[in-house]
Amino acid sequence: MNRWTLRTANTSYTVEVPDHGRWAELSAWGPRGVEDGPSPLAGHGRTPFRTAADAAPAEYLPFGLRPFGGAELDVRRPGGERGSWWQFAGEQPTEGAGLRLAFLDDLLGLEAVLCYETVPDTDVIRRWVELTGVGADDLLLARLDSAAVNIPVPGGARLTYLVGQWVQEFQLKHIQVERGTFAIGSTQGVSGHEYAPWIAAQDAAQPAGPATPTWGISLAWSGSWHIDASVDSGRLLRLRAGREPHEGEVLLPAGGTLITPQLLLAFSAEGLGGLARVWHTHERLESGPRGRRPRPVLYNSWEATGFAVEQDGQLELARTAAAIGAELFVVDDGWFANRPDDTSGLGDWEPDRDAFPDGFGAFIGRIRDLGLDFGLWVEPEAVSPGSRLLADHPDWIYRVEGRPATLIRNQLLLNLGRDDVRKHVLTWLDKLLHDYPISYLKWDMNRPPTERGRPVSPLPRPADLDAAHVANYHHILAALRTGHPHVMIEGCAGGGGRADAAAIAATDVVWPSDNTGPQDRLTIQHGFLHAHSPHVMSSWVTDSTGFFDTRPRSPRFRFVTAMAGVLGIGADIRAWTVEQRAEAARWITWYKKWRATIHHGAVHLLGAPSDDTCGVQYSAPDGSHEIVLAWNSGLLNGLPLLPGRPNRLRLHGLEPAARYQDEATGSTYSGAHLLHAGLPCAWRTDFDADAVVLRRC
Ligand code: DGJ
């Protein structure tokens, strides 16, 4: 028996290859030391009507060896039978902390290397598989998951996942699975609005709370994907995740190697909140030095002017934005020629001369003279039917020869996986960033691929269009970051349609949703923060009443909500009164002072927006202070006319004996008081949210 233990900051993950050598299996995964004892995953008893492989907590198995329980890999030769029956071929050397376990199927000509990597200073392990055709024949892969993850769940599985649709992304949901399979995914060529490629699991026998052992996975893939969660008769939960090839089968040419996307694994002994902190730490480290740059307070003109972008209106907005303390002015959709609405203009990307009669460069210069950085919206994958680009290159879009191409939002999608399209997109973006002093790029994508073919050039071999598109999307982002390191990039896909771990690693911030209505936004952000860090969560203060959520909430509520991540303003501030502007300036000043803690502090999610009061606590890394953002998420009516007591928010992670002082009111509390009695929130109709700084004294 071969046995290896991977160690992260606080956890360990032990893998064994039994003497029969047919698979690797998980022996223990949890807090450090959990491997010291008999494996909680080891099966016992016979497996009538199944094979031992079906019952095993196997790390990765092909159909063939695992015929019934769900295989991670489904492979055949063209015209051949499905299945692989491989044998352990040894451990391969790794660079850095990790593990590589090779399995070989001589007959089929397939080598599969199960790869593991621990991420220093986090509790995250990365897993992926490298598949190589080592025989004379090509191979076809109908399923090529990144990994399987086994979790013992004696009481059945309690799964937490993020579900949604456009303008309702990242809704946190729970489901209990005693037996059977629960599946989520996307076939939209992006991670999608419907589900995030992220799931958390607990043993349902343990009450949900801040001390519940919690396991999670997140698939770093910006294309189509699936995750399924099956609980078998042995009360073993098996999470399987991978990409979903559009063509059904992917070609692995003889001699070629195919690398699956990475599946990120995380464990926390501190419930869903603890798991969120593990993901946050990981995302901060992934962001590297870029992540530590202060995120500028932006103004984005989309909700104020829509497509009616023109110089004077934008400059008026910019002057007001600068006066209230914004640091960056972003012109959204509508800045380029032939874009009076969403029916035309995409693809040609020439600044609209009528809208900017003095020239686009002069316009940007005037924005910058106001002391603001300049940012611009682009949708590089999109093309409008009447555009010059489409007339010149009708074969650059996804289309099936002889079939009509479906329009969504009146536009078509470029086949970014083509080399010529990648070069074209990178060239014009690169030129745009060279020609103008742009320091922020919002990359949007507003339609999924439908007729996903490659017109004109019939394919000699099965294509892998999804992988090619995703690879080039990431390639362009990486090239832009290298060529223009000062430019921050916002990832957006009609709101939160492409906010997976890989897209987040390739950008600086993401736009979680087009819904900025404060009460709805609170729910979206609550879900988002379970999976992703505040320093990537862009959020705007918009006008009341907004597009999607007309429930009345004060400007205070709107600011405190948007300050929970990366603050932006999206309202028509030209119409704001002097008092409103003064209030905005006060909030922006407050936020600038404390944003480093909001973006880099340890997050404790206090309650949920479905509670009467909820909040988010950010603990400064050096322990010197706590920031608490709190909202009256319950009824507004009657406060404070009815008898009662202030709502309270119980804080987390404080030392009971320490003392804390509220910077604004001077009130002092012991840690024990804040932990057990809670921070009082005396809501009134005009006081429906609060931003509190508690200094440790
Ligand atoms: C969808 C985005 O999510 C919005 O923020 C905005 O940029 C529009 N597209 C513009 O068309």
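Scroll up a little and you will see the structure.
The structure contained in this document is the topic of the report that follows. (Residues numbered from 1 in each chain as written. Predicted model: local features only at pLDDT ≥ 70, side-chain atom pairs only at ≥ 80, totals over all residues. Heavy atoms only, no water.)

## Points about the packing of aromatic side chains
- Inspection of every chain in the model, using the stated rule, returns 28 aromatic pairs.
- Here the aromatic rings of phenylalanine 360 and phenylalanine 363 are separated by 6.0 Å at their centres, their planes lie at 20°, and the arrangement is stacked. Pair noted here: phenylalanine 360 and phenylalanine 363 are both in helix H5 (residues 360–369), with a separation of three residues, about one helical turn. As far as burial versus exposure is concerned, phenylalanine 360 and phenylalanine 363 are alike and both buried.
- In this structure an aromatic cluster arises from ring pairing among Trp335, Phe336, Trp349, Phe356, Phe360, Phe363, Phe374, Trp377, Trp428 and Tyr436.
- Geometry around phenylalanine 63 places arginine 82 over its ring, the cationic atom sitting 3.8 Å from the centre.
- Of note, arginine 498 hangs over the ring of tyrosine 473, and the distance from its end group to the ring centre comes to 3.6 Å. (Phe/Tyr/Trp six-rings, centres within 6.5 Å; stacked < 30°, edge-to-face > 60°. Helix = DSSP H or I, 4+ residues; strand = E, 2+ residues; numbered from the N terminus. Buried < 20%, exposed > 50% of the residue type's maximum accessible area, 1.4 Å probe, protein only. Lys NZ or Arg CZ within 6 Å of the ring centre and 35° of its normal.)

## As for the sheet that holds strand E31 (residues 613–619)
- In spatial order, the strands read E30-E31-E32-E37-E34-E35; together these six strands make up an open sheet with antiparallel pairing. Looking at the sheet topology across the chains shown, the edges are occupied by strand E30 (602–606) and strand E35 (668–670). Each neighbouring strand pair of the sheet contributes to a mean axis angle of 25°, computed without reference to strand direction.
- Strand contacts of helix H10 (residues 518–531): E30, E31 and strand E32 (625–632), with the helix running at about 135° to E30, the strand carrying the most contacts.
- Helix H12 (residues 578–600) contacts E30, E31, E32 and strand E37 (689–696) of the sheet and is inclined by roughly 115° relative to E32. (Pairing = 2+ DSSP bridges. Axes fitted to C-alpha atoms, helices over the stretch in contact; angles between N-to-C directions. Contact = heavy atoms within 4.5 Å.)

## Thoughts on the sheet that holds strand E29 (residues 566–569)
- Taken in spatial order, the eight strands of this open sheet run E27-E26-E25-E22-E21-E20-E29-E28, and their pairing is parallel. At either end of the open sheet lies a strand with only one pairing partner, and these are strand E27 (509–510) and strand E28 (538–541).
- Of the pairings in the sheet, the one linking strand E20 (residues 298–300) to strand E21 (residues 328–331) comprises three bridges and is parallel in character. Counterpart to leucine 298 in the pairing with E21 is leucine 328.
- Contacts from helix H4 (residues 311–324) reach E20 and E21, with the element oriented near 155° to E21.
- Packed on one face of the sheet, helix H11 (residues 555–562) meets E28 and E29 and runs near 165° to E28.

## A few points about the environment of proline 18
- Topologically, proline 18 is positioned in the loop between strand E2 (11–17) and strand E3 (25–31).
- With a relative accessible area of 12%, proline 18 lands in the buried category.
- Here the alpha-carbon distance between proline 18 and proline 67, two residues 49 residues apart in the chain, equals 19 Å.

## Concerning the environment of alanine 691
- Locating alanine 691 in the fold gives a position in strand E37.
- Note on alanine 691: relative accessible area 13%, which makes it buried.
- Spatially, the C-alpha atoms of alanine 691 and tryptophan 587 are 9.4 Å apart, while their sequence positions differ by 104 residues.
- The contact partners of alanine 691, leaving out residues within four places of it in the chain, are Val560, Met563, Trp587, Trp590, Val628 and Leu629.

## Focus: the site of the ligand
- In the vicinity of the ligand lie 13 residues, with Asp332, Asp333, Lys442, Asp444 and Asp514 positioned nearest.
- Contact distances for the ligand include 2.7 Å between a nitrogen atom and a side-chain N or O atom of aspartate 444.
- Here the ligand has 300 Å² of accessible area as a free molecule, and 98% of this is covered by the chains. (Near = heavy atom within 4 Å. Polar contact = N/O pair within 3.5 Å; in protein donor to acceptor, adjacent residues only side chain to side chain. Areas by Shrake-Rupley, 256 points an atom, 1.4 Å probe, with all protein chains shown as cover.)

## Topic: the nonpolar core
- Counting 121 residues, the largest nonpolar core has Trp335, Phe374, Trp590 and Trp631 as the members making the most contacts within it.
- Those residues within four positions of tryptophan 335 in sequence are excluded, and the remaining contacts are Val309, Trp349, Glu350, Pro351, Asp352, Phe356, Phe360, Leu376, Trp377, Val378 and Leu432.
- Within the second largest apolar cluster, 66 residues are counted, among which are Tyr60, Phe103, Ala157 and Ile184. (Core = buried A, V, L, I, M, F, W, Y, C linked by side-chain atoms within 4.5 Å.)

## Some remarks on the pattern of salt bridges
- Enumeration according to the criterion identifies 37 salt bridges in this entry.
- Between arginine 422 and aspartate 419 there is a salt bridge whose closest N-O contact spans 3.4 Å. Taken together, the positions of arginine 422 and aspartate 419, both in helix H7 (residues 419–435) and three residues apart, correspond to about one turn of that helix.
- A relative accessible area of 16% means that arginine 422 is categorised as buried.
- Aspartate 419 gets classed as partly exposed once you look at its relative accessible area, which sits at 46%.
- A salt bridge links arginine 684 to aspartate 686, with the shortest nitrogen-to-oxygen separation between them at 3.2 Å.
- Classification of aspartate 686 by relative accessible area gives exposed; the value is 52%.
- Linked by salt bridges that have partners in common, Glu72, Arg143, Asp145, Asp228, Arg238 and Arg240 make up one network. (Salt bridge = Lys/Arg side-chain N within 4 Å of Asp/Glu carboxyl O.)

Distances and angles like these do not, on their own, reveal function.
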